[in-house]
2 protein chains.
Amino acid sequence: MEDGVDHLAFERSKAQFDVDEMKIVWAGSRQEFELSDRISRLVASDPAFRKDDRITLDRKELFKNTLRKAAYAWKRITELRLNEQEAYKLRSFVDQPAFTDLHWGMFVPAIQGQGTEEQQQKWLPLAYKMQIIGCYAQTELGHGSNVQGLETTATFDPKTDEFIIHSPTLTSSKWWPGGLGKISTHGVVYARLIIDGQDHGVHGFIVQLRSLDDHYPLPGITIGDIGMKFGNGAYNTMDNGLLRFDHVRIPRNQMLMRVSQVTREGKFVHSDVPRQLVYGTMVNVRQKIVSDASVALSRAVCIATRYSAVRRQFGSHNGGLETQVIDYKTQQARLFPLLASAYAFRFAGEWLKWLYRDVTERLQANDFSTLPEAHACTAGLKSLTTTATADAIEECRKLCGGHGYLCSSGLPELFAVYVPACTYEGDNTVLLLQVARHLMKTISQLGSGRKPVGTTAYMGRLDQLTQYHSDVKKAEDWLKPNVVLEAFEARAARMSVACAQNLSKFANPEEGFQELLADLAEAAVAHCQLIVVSKFIEKLQQDIPGKGVRQQLEVLCSIYALSLLHKHLGDFLSTGCINPKQGSLASEQLRYLYSQVRPNAIALVDAFNYTDHYLGSILGRYDGNVYPKLYEEAWKDPLNDSVVPDGFKEYVQPMLKQQLRNARL
Amino acid sequence: MEDGVDHLAFERSKAQFDVDEMKIVWAGSRQEFELSDRISRLVASDPAFRKDDRITLDRKELFKNTLRKAAYAWKRITELRLNEQEAYKLRSFVDQPAFTDLHWGMFVPAIQGQGTEEQQQKWLPLAYKMQIIGCYAQTELGHGSNVQGLETTATFDPKTDEFIIHSPTLTSSKWWPGGLGKISTHGVVYARLIIDGQDHGVHGFIVQLRSLDDHYPLPGITIGDIGMKFGNGAYNTMDNGLLRFDHVRIPRNQMLMRVSQVTREGKFVHSDVPRQLVYGTMVNVRQKIVSDASVALSRAVCIATRYSAVRRQFGSHNGGLETQVIDYKTQQARLFPLLASAYAFRFAGEWLKWLYRDVTERLQANDFSTLPEAHACTAGLKSLTTTATADAIEECRKLCGGHGYLCSSGLPELFAVYVPACTYEGDNTVLLLQVARHLMKTISQLGSGRKPVGTTAYMGRLDQLTQYHSDVKKAEDWLKPNVVLEAFEARAARMSVACAQNLSKFANPEEGFQELLADLAEAAVAHCQLIVVSKFIEKLQQDIPGKGVRQQLEVLCSIYALSLLHKHLGDFLSTGCINPKQGSLASEQLRYLYSQVRPNAIALVDAFNYTDHYLGSILGRYDGNVYPKLYEEAWKDPLNDSVVPDGFKEYVQPMLKQQLRNARL
Ligand SMILES: Cc1cc2nc3c(=O)[nH]c(=O)nc-3n(C[C@H](O)[C@H](O)[C@H](O)COP(=O)(O)OP(=O)(O)OC[C@H]3O[C@@H](n4cnc5c(N)ncnc54)[C@H](O)[C@@H]3O)c2cc1C
Ligand SMILES: Cc1cc2nc3c(=O)[nH]c(=O)nc-3n(C[C@H](O)[C@H](O)[C@H](O)COP(=O)(O)OP(=O)(O)OC[C@H]3O[C@@H](n4cnc5c(N)ncnc54)[C@H](O)[C@@H]3O)c2cc1C
Ligand SMILES: [Ca+2]
């Protein structure tokens, strides 16, 4: 293999569709495509953003490197006068977790969402110019999922018109906030509001944490970094921090007062702004997470797909080339459903963006009717897509055999940096149970004539769905969108109904709920999978230009749905939605679909339009020139600086010479 | 929480069985228990073996640290005159991958297994005293799974009575061998034997790689480290290496000649030692891998179980304590099957040890009849247990919420260091397909009256198993070992039979096999799960002393089997082995079994008898004193050395002061 040659050219020539048009479908619009394309090249071509050195830096060097990149990125953003969207893209293509993520992604939105007009006017300009840097300090050493159980207190002192922020116990130490450990000057700190001995629950407070002069923590404040996390570079570029308060005073007007206020007299009052507004922010944050899932997943799939076409193993006849491992049906059965999932999550994310806009408009018009459903649905999709993506990245790594275990494959770091998405912004199991609660509520309200809306609308057809039996007779029947959709609706509906029936056997509903948690979580998964399948199908009902593009998406949609059906066959069979014969027809159809994807596989991952810089993987190189580059890269390891390694003389030599007895070890 | 207090004492007091007796069951025998107990304490109490500093060392420091520990371990082993078994234990409790693993685990066994008497007499004494250090150099940059496709050549030169070892292409570079990169003086190198232009396939050769004087690679030899791997410390303590030969000459008698020889005249001859002997070695290596799987899995489960009892979240009434997360049924449904799997794999490993002894004895008596079955069975169990263990470690990490993502939880490193077990010693998918081939062969030979042996014996009852319908009527019926066993046998048999029937539809059997790979792999999984279930059941038929011990194991055995049944419900239903009602009775029984494990959970993980040193996890501490120790540990991170981090002045200060324009970044 030589440099400058496209070793995957033959694979690319096999594509049966217009890749450039698919790039636009993937990006969401031509404008989005051009934006991403431009900014990703900008980052990739700037040596200041190189990241291949990240792996061998120690914690301090790594962190310093984050600070440099963040400052440099900000410099470029201002120099180039990038708008908000462009700046966001640039930060994401820099591809290194940094305190700025929390500043822009959590601190600013918290003030926007929960601050009064006045508070916004005071704090946002400072934040926008990065004259202050903020973090989001909610989680404590002892309290994560249970936000209502936080222990930090904010006690109103009417004498001075201040709140006293305090950490009464060790477990009340703030723990995890990104950017807090070493950088943030301010934080939105969540604490129990105490007035006159009465507890008014958890609220957000803007607290200055460090001096703007010497960057030391302010009096009464203890801050540190919580230490190393999973992986090599990965999230260790981030200063997740700990924080303790010893009776720290802040002015009353630093409580975020959009929804509730504390008056000068110490009265706790609710504004007419509804509490539900807060849900709007959660919908927004989680919608971003779903779209990030499709990005992380597609990166992993791109690497594994390209390498599977480069890698050859077995099957050589008369000394000819061996078989490309992508041609093995096991490799296809493991890989192609992940490729399909990447597209599926992409469209689910796109739809969630619409949902967020819809919810926001309704909120402004005081229409809260869709909010519970929207909230449950984003919670569920966050859980579903992040769990699937984390598992998929690791599967992609395994699909690359031994070489996937090298950092130069990019996959270990992608995994390590991605997995916390299963935990932050709501532990995925806890979220599924929220979805399940919503489903049970929806069912219980059916009797009272309340019509289920949005993604739960199918529950309105329970009578029909509980009667349903699939009428699939031959494998191709499984290609019909309605056939698939109905099977997924019936399965989800029946699993929820079964839970509801079992719940009704308990005298105490909450006890019943606790007893049946595991079943409820499974019903929630079925519901969420239905959403993704249905949004993929809806996408296909839109106008999709470009030669062969729609056909490819149809194949991927079928693969997504049928591979799920195969994986959860037990659900479909035990609820009687399909029979065993129909299940095996689905597998048969799936095999055929894999063979249809095969010639298009490389082009389908090219459509993600990732630069080699962003992919950060030798196995996933665009040109497929894997082996020479792996070899080249190996020599860069610090261990190869010297022929005889440090420590050999002291430790190994004496062993070989049988002189250990006298050695000082 | 305070030091010196056992915060899990109450949990321990709830145990309904004799933990000390369970420790002996887990260890395999009292003698094994005492050995492990003694050696693990020896390692834990010696500060030279501390490992909590590992996370923040850079590659060179980390590697030097490996060399020191390996030398120190060897010093202690000789000083204390430890026998082979003790030395092995000591190395494993040191818990840091090192070149010595390959020396003892692959290099020495290769010579023992493939070397002639003469070769053994020459090389083994040197290796036993570590006067030479060896590696196992098989894999190449371009060839892993397909060993027969290796490209390195060993060409016989009759003039000088030597072999010329050569790397003809870049892809023929040896790549991955542990210990090779920086340390090994010798290697067993696999290469194609070429005599007089004729290719006699792949054989092993003992090749000296480095000078015993100055440790430099010998002339014609290029060696390097292949670079960083997954995780932080993890496998980066190991010098996996690359190796190229430029016409390197070795004496003829350094080809491992137990099975085939090259004579002085250049004649290639087979000895009367059967080729199958090599399989014996593979059975042995893979049996160790299965037993290591139970160790890795049990470590993760121990951490997640203890922390789940410490961690409280939600459910506080009137400001009282919150609910221990181990009491949530979702937590139980995720965790307890993993606990059961740890025990299941333990007993499977124990049985494989017996199988290896049995095979060895038979081989010595020239009985090869059980070898194919034993080989398939160890391949399958290697694949099954390592895949399950890798997934389970990550699940345990997620079960710990955010704190599981900290290195101080021990779980990230445990995962990163464990996962390659899914790839080395046979890629798990490739191994499953070997099992499938064996199953298809077994079925095809049934007609000719060949009686299936060992773990495939149930195939002899195909008539009965294809008629089978479970007669479970109530949930408790699922507690009967025979009921479970038959369901697993029927499912496995029918999946294999279905594959065989589909295969028979193809004119070209190999084409059919390739087309049906994915189904075949699933049939192989079903077969392997049956083996583990049946070995667990067999274990329970032995005499098991100790109050309540057998009862606990019965519960775990049922959980192992029924949770698999639940997970693979589609298999059981689609093959008609059970009906939906019976499937839901199994789930019901499972819920009940979880509640039976709950009070015993902590004691069941105590029975693994791991020291805090070996666990290496703050979340998994024996005393449950999690929060103060997490807090303490955080401060040790290098980032906490200074209040204001390195880089702040250069990069962040100018940002805050709006002076970036002039900054040099
Ligand atoms: C990389 C990273 C970055 C983060 N950044 C921030 C940040 O910037 N700011 C911030 O405030 N926080 C941050 N966090 C914290 C994060 O939000 C929490 O870790 C998360 O909310 C999960 O909570 P937990 O860790 O308490 O998990 P726990 O709630 O302790 O979960 C432990 C286990 O208990 C189970 N469980 C808990 N409750 C229930 C229930 N009711 N029913 C059933 N099962 C239950 C869970 O499923 C899980 O298996 C971050 C975390 C990580 C890992
Ligand atoms: C940490 C570590 C330590 C190691 N130590 C050593 C060592 O000491 N000495 C040594 O010699 N080697 C060592 N190895 C190498 C190891 O043995 C190989 O990586 C392993 O054999 C897998 O081969 P591969 O990497 O070529 O995978 P590949 O065969 O390239 O696999 C890639 C993908 O192709 C699929 N595939 C391949 N063939 C088939 C097929 N016929 N049918 C269906 N699917 C197929 C696989 O399932 C996988 O998904 C080590 C590897 C690691 C990761
Ligand atoms: Ca350093």
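Cut-off values and rules
- Residues numbered from 1 in each chain as written.
- Chains lettered and ligands numbered in written order.
- Predicted model: local features only at pLDDT ≥ 70, side-chain atom pairs only at ≥ 80, totals over all residues.
- Heavy atoms only, no water.
- Near = heavy atom within 4 Å.
- Polar contact = N/O pair within 3.5 Å; in protein donor to acceptor, adjacent residues only side chain to side chain.
- Areas by Shrake-Rupley, 256 points an atom, 1.4 Å probe, with all protein chains shown as cover.
- Helix = DSSP H or I, 4+ residues; strand = E, 2+ residues; numbered from the N terminus.
- Nonpolar A, V, L, I, M, F, W, Y, C, P; charged D, E, K, R; others polar.
- Salt bridge = Lys/Arg side-chain N within 4 Å of Asp/Glu carboxyl O.
- Buried < 20%, exposed > 50% of the residue type's maximum accessible area, 1.4 Å probe, protein only.
- Pairing = 2+ DSSP bridges.
- Domains from an automatic or database assignment.
- Contact = heavy atoms within 4.5 Å.
- Buried area = accessible area lost by both parts, 1.4 Å probe.
- Donors = N, O, S within 2.8 Å, 3.2 Å for Na, K, Ca; no water.
- Least-squares fit on C-alpha atoms with pLDDT ≥ 70 in both.
- UniProt positions renumbered as here; feature names shortened; annotations may be inferred.
- Expected span 1.5 Å × (residues − 1).
- Arc of directions from axis to C-beta.

Right, let's talk about the site of ligand 2 for a bit. Around ligand 2, the surrounding shell holds 31 residues, and the nearest of these are R311(A), G402(A), T139(B), S145(B) and D427(B). Chains contributing residues near ligand 2 are chains A and B. The contact in question runs from an oxygen atom of ligand 2 to an N or O atom on the backbone of L399(A), over 3.4 Å. One of the backbone N or O atoms of Y136(B) is found 2.8 Å from a nitrogen atom in ligand 2. Contact with the protein chains hides 93% of the accessible area of ligand 2, taken as 970 Å² for the molecule alone. Only α9 (329-364) and α10 (371-399) of chain A together with α12 (428-446) of chain B provide two or more residues apiece to the shell around ligand 2. Across the shell around ligand 2, the residue classes tally to 14 nonpolar, 13 polar and 4 charged.

All names here are of chain B. Applying the stated criterion to the full structure yields 86 salt bridges over all chains. Here R38 makes a salt bridge to E86, at a shortest N to O gap of 3.0 Å. Pair noted here: R38 is in helix α3 (residues 30-44) and E86 is in helix α5 (residues 84-94), with a separation of 48 residues, a long-range link. Residue class for R38 comes out partly exposed when judged on its relative accessible area of 43%. E162 is the salt-bridge partner of R249, the closest N and O atoms lying 2.8 Å from each other.

Attention now goes to the environment of D239(B). All names here are of chain B. Note on placement: D239 falls in the loop between β7 (221-225) and β8 (241-245). In the structure, D239 is positioned 173 residues away from T66 in sequence and 9.9 Å away in space, judged by C-alpha atoms. At a separation of 3.2 Å, a polar atom in the side chain of D239 contacts the main-chain amide nitrogen of G179.

Attention shifts here to the sheet that holds β8(B). All names here are of chain B. Judged by pairing direction, the sheet is antiparallel, and its 3 strands sit side by side in the order β4-β8-β7 without closing on themselves. Each having just a single partner strand, β4 (174-175) and β7 make up the two edges of the open sheet. In this sheet, β8 lies alongside β7 in antiparallel orientation, the contact comprising 5 bridges. The residue of β8 that forms the bridge with G224 is L242.

Across the sheet, which stays open at both edges, the 3 strands sit in the order β4-β8-β7 (chain A) with antiparallel pairing between neighbours. Edge strands, defined here as strands with exactly one partner in the open sheet, are β4 (174-175) and β7 (221-225) of chain A.

All names here are of chain A. Domain annotation for chain A reports domain 1 (109-273) and domain 2 (279-606). In this structure, domain 1 and domain 2 have C-alpha centres spaced 37 Å apart. In this assembly, 8 residues from domain 1 lie in contact with 10 residues from domain 2. Counting the surface lost from both domain 1 and domain 2, the interface buries some 710 Å², and carbon and sulfur atoms represent 68% of this. Of all residues in domain 1, F230, A234 and Y235 give up the largest surface area on contact with domain 2, accounting jointly for 56% of the area buried on that side. Along the contact surface separating domain 1 from domain 2 lie 0 salt bridges. Taken together, domain 1 and domain 2 are joined by 3 residue pairs in polar contact (both at pLDDT 80 or more).

A word on the coordination of the calcium ion (ligand 3). The coordination sphere of the calcium ion (ligand 3) contains the protein donors D58(A) (OD) and D58(B) (OD), at a distance range of 2.6 to 2.7 Å. Taken together, the residues D58(A) in the loop between α3 (30-44) and α4 (59-79) and D58(B) in the loop between α3 and α4 (59-79) connect one chain to another. Given the relative accessible area of 24%, D58(B) is considered partly exposed.

What follows covers the site of ligand 1. Neighbouring ligand 1 are 31 residues; Y136(A), T139(A), S145(A), D427(A) and R311(B) lie closest to it. Neighbouring residues of ligand 1 are distributed over chains A and B. In this structure, a nitrogen atom belonging to ligand 1 sits 2.8 Å away from a main-chain N or O atom of Y136(A). When contributions to the shell around ligand 1 are tallied by element, the ones reaching two or more residues are α12 (428-446) of chain A together with α9 (329-364) and α10 (371-399) of chain B. Residues that form the shell around ligand 1 fall into these classes: 14 nonpolar, 13 polar and 4 charged.

It is worth spelling out the interface of chain B and chain A at this point. Where the parts come together, the accessible area they lose is often given as the size of the interface. With 131 residues of chain B at the contact, the number on the chain A side is 131 residues. When the two sides are added together, the surface that chain B and chain A hide from each other amounts to roughly 11,500 Å², 67% of it contributed by carbon and sulfur. In this assembly, chain B and chain A are joined by 48 residue pairs in polar contact (both at pLDDT 80 or more). Within the side of chain B that touches chain A, the residues separate by chemical class into 65 nonpolar, 34 polar and 32 charged.

For the rest of this paragraph, the subject is the relation of the copies chain B and chain A. Note on the identical chains: chain B maps onto chain A by a rotation of 180 degrees and an axial translation of 0.0 Å, with an RMSD of 0.0 Å. Look at the turn and shift together and you get a two-fold axis relating the two. Looking at the rotation axis and the C-alpha trace of chain B, the residue lying nearest is G570(B), at 1.8 Å. Interface overlap between copies is the fraction of interface residues in one copy that are interface residues in the other; for chain B against chain A it reaches 100%, indicating a shared surface.

Attention now moves to the UniProt feature "binding site: FAD" (unreviewed entry) in chain A. Residues and elements named next belong to chain A. Summarizing the sequence annotation, UniProt attributes the feature "binding site: FAD" (unreviewed entry) to T139 and G178 in the numbering used throughout. A maximum C-alpha distance of 10.6 Å among these annotated residues, which run over 40 residues, shows that they cluster at one spot. Relative to the assigned elements, T139 resides in the loop between β1 (134-137) and β2 (153-157). The partly exposed category is assigned to T139, whose relative accessible area is 24%. The residues contacting T139, other than those within four sequence positions of it, are G144, S173, K174, W175, W176 and P177. The residue G178 is located in the loop between β4 and β5 (186-195) in this model.

Attention now moves to the UniProt feature "domain: Acyl-CoA oxidase C-alpha1" (unreviewed entry) in chain A. UniProt records the feature "domain: Acyl-CoA oxidase C-alpha1" (unreviewed entry) at residues 279-440 of chain A, using the numbering of this structure. Secondary structure within residues 279-440 of chain A divides into 73% helix and 0% strand; the distance between the first and last C-alpha atoms comes to 20 Å.

Turning to helix α7 (residues 117-128) of chain A, a few remarks are in order. Residue and element names in this part refer to chain A. With 12 residues, α7 should cover 16 Å at 1.5 Å per step; its first-to-last C-alpha distance of 16 Å lies within 8% of that length. Listed in full, the buried residues belonging to α7 are Q119, Q120, W123, L124 and A127. Buried positions in α7, seen along its axis, are confined to an arc of 105 degrees and lie on one side of it. Pointing more than 90 degrees away from the buried face of α7 are the exposed residues E118 and Q121. Looking at the packing, one finds that the buried side of α7 touches α6 (99-114), β5 and β6 (198-208). Count one or two residues on from α7 and you reach M130, which has phi positive near 60 degrees.

Bringing the environment of N508(B) into the picture now. Residues and elements named next belong to chain B. Here N508 is to be found in the loop between α14 (481-503) and α15 (509-515). With a relative accessible area of 34%, N508 lands in the partly exposed category. In this structure the side chain of N508 is engaged in a polar contact, spanning 2.9 Å, whose partner is the backbone nitrogen of E510.

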